[in-house]
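# Inside the fold
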Amino acid sequence: MTKKWFGISIGLVACIAFISYSIYFPNISAEVDYEEISEELSEPEESQLLYGIDVSDLHIIEGQVKRNQTLSTILSPFNVSFQTIDELAKKSKDIFDVRKIRSNNKFTVLTPTDSAAARYFIYEPNASEFVVFDLAALDIYKVEKPIELREKQVAGLIQTSLYVDMVKQDISPELIDLFADLYGWSVDFQSLQKGDKYKVVYQEKVIDGEVVGIEDIKVALFEHKGEAYHAIPFEQNGEWNFFDQNGESLKKAFLRDPVKFTRISSRYNLRRFHPVQKRYKPHLGTDYAAQRGTEIRAVGDGTVTHATYHGGNGNYVKIKHNGTYTTQYLHMSKIASGVKAGTRVKQGQVIGYVGSTGLATGPHLCFRFWKNGKQVDWLNEKIPPSEPILKENLLAFESAKAQFMQQLAMIPFPEDQQKLLAKTEVPLSTEKASD
């Protein structure tokens with residue numbers, strides 16, 4: 001009995017001694033482990049954000065919508081119930097209609113690392129925004145991506161046509177359209193000459209490092225047959241417009257073309273051989289060749305008087321601009337949504353799309369122009385300009401003009417094109433490369 005208690009006593013003493021040693025003389029490995037844990041607790045890893053969501057503990061699956069895919073067929077493989085998908089579709093109508101999910105657009109599915117069930121679904125309807133579907137909270141919201149505006153400048157000489165030569169310089173069709181609209185009433189782009197030249201300063205929109213579009217033209221110059229046409233921005237009466245070097249406005253009551261930069265396939269002609277009816281009859285409009293589905297724009301502010309289908313005109317829209325001018329747009333593939341008799345439209349608003357309805361052999365727009373109730377040759381009309389620089393604004397305009405003209409002067413023309421200036425001027429083909 002004594003030996004038993006003696007053994008127990010020895011054991012207790014040994015335990016107390018070990019605990020005391022551990023407290024006052026901790027070993028090295030324990031100290032290192034504590035520091036590592038302490039460091040992890042005090043300095044946690046930074047969150048990884050994607051679409052504004054912390055994806056540190058989420059698995060990322062990216063893809064492109066395939067043809068005929070819907071929200072249901074995309075999410076079903078990720079263990080999302082049809083009931084959830086139906087509720088999402090109903091809740092998202094005011095934010096984004098899921099029926100508008102289009103093939104080739106990007107989508108992303110986020111799932112927990114320990115589960116295959118989707119937690120988030122993100123869809124990108126275009127390059128500038130995305131829609132987030134929070135599958136757990138049944139919440140939907142749309143986010144616009146931040147846009148960076150980057151100033152660019154370009155200069156060139158005409159060798160073939162405005163469209164062809166600008167495209168060769170990697171200028172986007174969007175900028176070409178803006179440039180053509182800007183000079184539409186100053187320069188006849190159907191009769192350019194070799195040696196004509198241009199300079200333009202503009203802003204491009206950049207998202208995620210990629211150019212997604214053009215914001216605006218800042219200042220421009222076009223020289224046609226040796227005559228310079230400047231486009232200088234200036235604010236007057238609370239509105240920004242472009243003016244030439246003499247202070248005259250480049251803006252007119254009407255756009256030059258009802259479709260963006262293209263070619264004219266047939267002009268106003270009182271004795272033209274009709275390609276369908278096979279007889280000579282007056283052609284009282286101007287035909288613009290364009291691909292089916294090309295947007296048709298109202299050339300000026302006005303009220304729609306007709307938006308319907310009728311015989312040889314096919315689908316057409318007619319707009320009364322004021323007591324003097326009326327315009328008509330024929331052979332549309334379809335009339336734009338919301339455009340009907342009584343609708344008020346603005347200059348540049350899309351009112352329909354190019355087609356070949358009615359008496360037409362192929363897709364084009366027949367544009368007709370009335371002045372005081374009589375159809376006249378649109379291309380020969382002198383459209384009144386907007387208000388020029390007012391006398392009280394002349395000093396401020398001259399100051400702004402000097403700065404912009406200096407900026408343009410600093411932009412060099414391509415050296416390898418300078419030899420073109422010495423060549424004889426020859427009329428160019430007016431055909432657009434894509435036609």
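Everything here concerns the structure above.
For every chain, the first residue of the written sequence is number 1, and numbering continues from 1 onward in sequence order. With pLDDT at 70 or above as the cut-off, local features in this predicted model cover only qualifying residues; side-chain atom pairs require 80 or more to be listed or tallied, and sums for whole chains, interfaces and linings still use all residues. Excluding hydrogens and water, the side-chain figures rest on all heavy atoms present in the structure.

### Considering the pattern of salt bridges
- Salt bridge, as used here: a side-chain nitrogen of Lys or Arg that lies within 4 Å of a carboxyl oxygen of Asp or Glu. Applying the stated criterion across every chain yields a total of 12 salt bridges.
- When the shortest N-O distance is used, the salt bridge between Glu 223 and Lys 197 registers 3.7 Å. One end of the pair, Glu 223, is in strand S10 (residues 210-224); the other, Lys 197, is in strand S9 (residues 197-207), with 26 residues separating them in the sequence.
- Throughout this description, buried means an accessible area under 20% of the type-specific maximum (1.4 Å probe, protein chains only), exposed means over 50%, and partly exposed covers the range between. Overall, Lys 197 belongs to the buried group, its relative accessible area being 15%.
- Measuring nitrogen to oxygen at the nearest pair gives 3.2 Å for the salt bridge that ties Glu 239 to Lys 251. Placement of the pair is Glu 239 in strand S12 (residues 239-243) and Lys 251 in the loop between S12 and strand S13 (263-266), with a sequence separation of 12 residues.
- For Glu 239, a relative accessible area of 38% corresponds to the partly exposed category. Numbering goes from the N terminus for both helices and strands, where a helix is a DSSP run of H or I of at least four residues and a strand is a run of E of at least two.

### Some thoughts on the side chain of Gln 203
- One can find Gln 203 in strand S9.
- The contact criterion used is simple: two residues touch if any of their non-hydrogen atoms lie within 4.5 Å. Beyond its immediate sequence surroundings of up to four residues, Gln 203 is in contact with Leu 149, Arg 150, Glu 151, Ile 214, Glu 215, Asp 216 and Lys 218.

### Details of the side chain of Asp 196
- The topology assignment puts Asp 196 in the loop between helix H6 (173-182) and S9.
- Although buried, Asp 196 forms no salt bridge, and the nearest oppositely charged side chain, Lys 225, lies 7.5 Å from it.
- Polar contacts, as counted here, are pairs of nitrogen or oxygen atoms within 3.5 Å of one another; within protein the pair requires one atom able to donate a hydrogen and one able to accept it, and residues that are adjacent in sequence qualify only if both atoms are side-chain atoms. From its side chain, Asp 196 meets the backbone nitrogen of Lys 225 in a polar contact 2.9 Å long.
- Leaving out residues up to four positions away in the same chain, Asp 196 has contacts with Gly 156, Leu 157, Ile 158, Phe 222, Glu 223, His 224 and Lys 225. This count recognises Lys and Arg as positive and Asp and Glu as negative, with His and chain-terminal groups excluded.

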